Amino acid sequence: MKIAMIGTGYVGLVSGVCFSDFGHEVICVDKDPRKIEMLERGEIPIYEPGLDTLLAKNVAAGRLSFTGDLKAAVNGADAVFIAVGTPTRRGDGHADLTYVMAAAEEIAEAMTAYTVVVTKSTVPVGTNKAVHDVISRVRPGFAFDVASNPEFLREGAAIDDFMRPDRVVVGVTSEQARRVMGEIYRPLFLREFPILYTDLETAEMIKYAANAFLATKITFINEIARLCEKVGADVKQVSRGMGLDNRIGNKFLHAGPGYGGSCFPKDTQALARMGQDHAAPMQIVETVIKVNDEVKRRMIEKIVDLCDGSVNGKTIAVLGVTFKPNTDDMRDAPSLTIVPALVGAGANVRAVDPQGEREGAHLLPHVHWLSDAYGAATGADCVVILTEWNEFRALDLQKLAASMVEPRMADLRNIYNAQDAKAAGFAAYTSVGR
Ligand code: NAD
């Protein structure tokens, strides 16, 4: 199959590289010339473990290339994937479809033979129909189909998620489109990963429902964590006790500083907005959004309380700023709420993150960046663990405490425990739900 991938962000680049590894001929397109130049040099504009090696392998095999020329990439393609951003539209919570629609129009102008135009971006129900209408308007009578193929990969584990998915969801309206999509995903089908064919609307809804459900699960355990703190229960054990129940499962059941990232915040908002627009309010999801905001704010109170009621003039070492480990993605990370609040309250904030500094440097302007946890903690009044990178999971707590002015730790990922922290010399330790 000949595939054009429009957008080389976290989803487009991973999908393009993985499709080429399946054996397809893939051309990845981006309108950002800086990204294309980097990719042509064999460099990766994002941090995603394993992507560099897989990309190099497929470029060398002659199956994968990059261009800024959408027209050339679409020429003769069996399928064109739209993998551009769908951020929250300013002001109203709707998904901003400007990039999707612009791409659809460009694709329409460039098609040379029957093409399946596949939306991989997360888009509200009805968008694929709208994409169909745009293309029909630009190219009346031209043979094409649209397909909805939402992506479920997780940043940080994206290649494995793409290559070994729990399921692939494909919304189609014609037998021909179904055949093309089946051919594209055949290597997965042969390895017995389930492919679920639906109509367009159902495929679009599955993605939002799945993300909102996961965001709800996280928020649920965060609320339980708060109650645990009041009644003297340990949320880590509660999670374990719940998660061992197969009907519940242990994933997305870890209490922490609130969900963030490039998907959950914007997708829950877009789903809530969709519900309002169709007079079918998503009341649970609306509450989840509100509670998650409160969770993030509560983390600020926790840190301030730990610092005897004020962080003014205190030095705080923040370990981790990305929304989760193994990515450089800072979009809607809890750090973007917590760190500015600490700075605003007069704290001197130092930060360490294995991959987050490049983005973080301009998103968190008053922060002093250091390269390791011990350096950041030296002379500090408080250490805050915000992201559970591996390098923060096995810290020498004694060494850390010894270098601090006032050894205090806010462990917002529940990596350590109060007993060990105290034994290592921490005068105060707080975590979430314990
Ligand atoms: P991103 O912002 O990282 O990448 C989007 C890319 O598209 C950018 O490089 C941009 O320059 C490019 N682009 C925009 N318009 C273009 C055009 N007309 N022609 C060529 N290139 C164009 O976004 P992302 O994180 O990869 O997300 C893409 C979509 O996938 C979103 O809808 C998102 O919700 C969804 N999604 C993301 C994830 C994730 O973990 N990031 C997971 C599943 C689904």
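All values reported here derive from a predicted model rather than from experimental measurement. (Residues numbered from 1 in each chain as written. Predicted model: local features only at pLDDT ≥ 70, side-chain atom pairs only at ≥ 80, totals over all residues. Heavy atoms only, no water.)

Student: How should the nonpolar core be read in this particular structure?
Tutor: Where a protein is soluble and globular, its nonpolar side chains tend to be buried together. Phe19, Phe81, Met181, Ile184 and Tyr185 are the most contacted members of the largest nonpolar core, which has 42 residues in total. Among the elements that make up this core, the one with the highest residue count is helix H1 (residues 10-22) (seven residues). Leave out the neighbours within four places in its chain, and Phe19 touches Ile3, Met5, His24, Val26, Phe81, Phe162, Ile184 and Tyr185. (Core = buried A, V, L, I, M, F, W, Y, C linked by side-chain atoms within 4.5 Å. Buried < 20%, exposed > 50% of the residue type's maximum accessible area, 1.4 Å probe, protein only. Helix = DSSP H or I, 4+ residues; strand = E, 2+ residues; numbered from the N terminus. Contact = heavy atoms within 4.5 Å.)

Student: Whenever I open this one, the pairing of strand S5 (residues 115-119) confuses me. Can you help?
Tutor: Two faces belong to every sheet, and in a regular strand the side chains alternate between them. In terms of residue burial, S5 counts as a mostly covered element, since five of its five residues are buried. Alternating residues of S5 divide into Thr115, Val117 and Thr119 and Val116 and Val118, and every residue in both groups is buried. Alignment of strand S4 (residues 79-82) against S5, held across four bridges, turns out to be parallel. Following the sheet pairing, Ile82 is matched in S5 by Thr119. Once you follow S4 into helix H5 (residues 98-110) and on to S5, the crossover reads as right-handed. (Pairing = 2+ DSSP bridges. Right-handed = clockwise from strand over helix to strand, strands pointing away.)

Student: Before we go on, may I ask you to explain the domain arrangement of the protein chain in this structure?
Tutor: Size of an interface, as often reported, equals the accessible area lost when the parts are brought together. Split into domains, the protein chain comes out as domain 1 (2-198), domain 2 (208-287) and domain 3 (291-430). Here the C-alpha centroids of domain 2 and domain 3 sit 23 Å apart. Listed per partner, the contact involves 17 residues of domain 2 and 19 residues of domain 3. Together domain 2 and domain 3 conceal approximately 1,500 Å² of surface at their shared face, both sides included; 53% is due to carbon and sulfur atoms. The three residues of domain 2 that bury the most area against domain 3 are Pro257, Gly261 and Ser262, which together make up 35% of that side's buried surface. Viewed at the interface, domain 3 and domain 2 are joined by one salt bridge. Lys302 is paired through a salt bridge with Glu229; the nearest N and O atoms lie 2.7 Å apart. Linking domain 2 to domain 3 there are six residue pairs in polar contact (both at pLDDT 80 or more). For the side of domain 2 that touches domain 3, the secondary-structure elements that each account for two or more residues are helix H10 (200-231) and helix H11 (235-243). In terms of residue count, the dominant contributor to the side of domain 2 that touches domain 3 is H10 (five residues). When the residues that make up the side of domain 2 that touches domain 3 are grouped by side-chain class, the tally is five nonpolar, eight polar and four charged. (Domains from an automatic or database assignment. Buried area = accessible area lost by both parts, 1.4 Å probe. Salt bridge = Lys/Arg side-chain N within 4 Å of Asp/Glu carboxyl O. Polar contact = N/O pair within 3.5 Å; in protein donor to acceptor, adjacent residues only side chain to side chain. Nonpolar A, V, L, I, M, F, W, Y, C, P; charged D, E, K, R; others polar.)

Student: In this structure, what is going on with the UniProt feature "domain: UDP-glucose/GDP-mannose dehydrogenase C-terminal" (unreviewed entry) in the protein chain? I would like to understand it.
Tutor: Mapped onto the present numbering, the UniProt feature "domain: UDP-glucose/GDP-mannose dehydrogenase C-terminal" (unreviewed entry) falls on residues 317-418. In residues 317-418, helix accounts for 28% and strand for 18%; the two terminal C-alpha atoms are 19 Å from one another. (UniProt positions renumbered as here; feature names shortened; annotations may be inferred.)

Student: Help me understand helix H6 (residues 127-138) in this model?
Tutor: Think of an α-helix as turning once every 3.6 residues; residues three or four places apart then point the same way. With 12 residues, H6 ought to run about 16 Å at 1.5 Å a step, and its terminal C-alpha atoms sit 17 Å apart, in line with that. Every buried residue of H6 is accounted for by Thr127, Asn128, Val131, Val134 and Ile135. Projected down its long axis, H6 carries its buried residues within an arc of 115°, all on one side. (Expected span 1.5 Å × (residues − 1). Arc of directions from axis to C-beta.)

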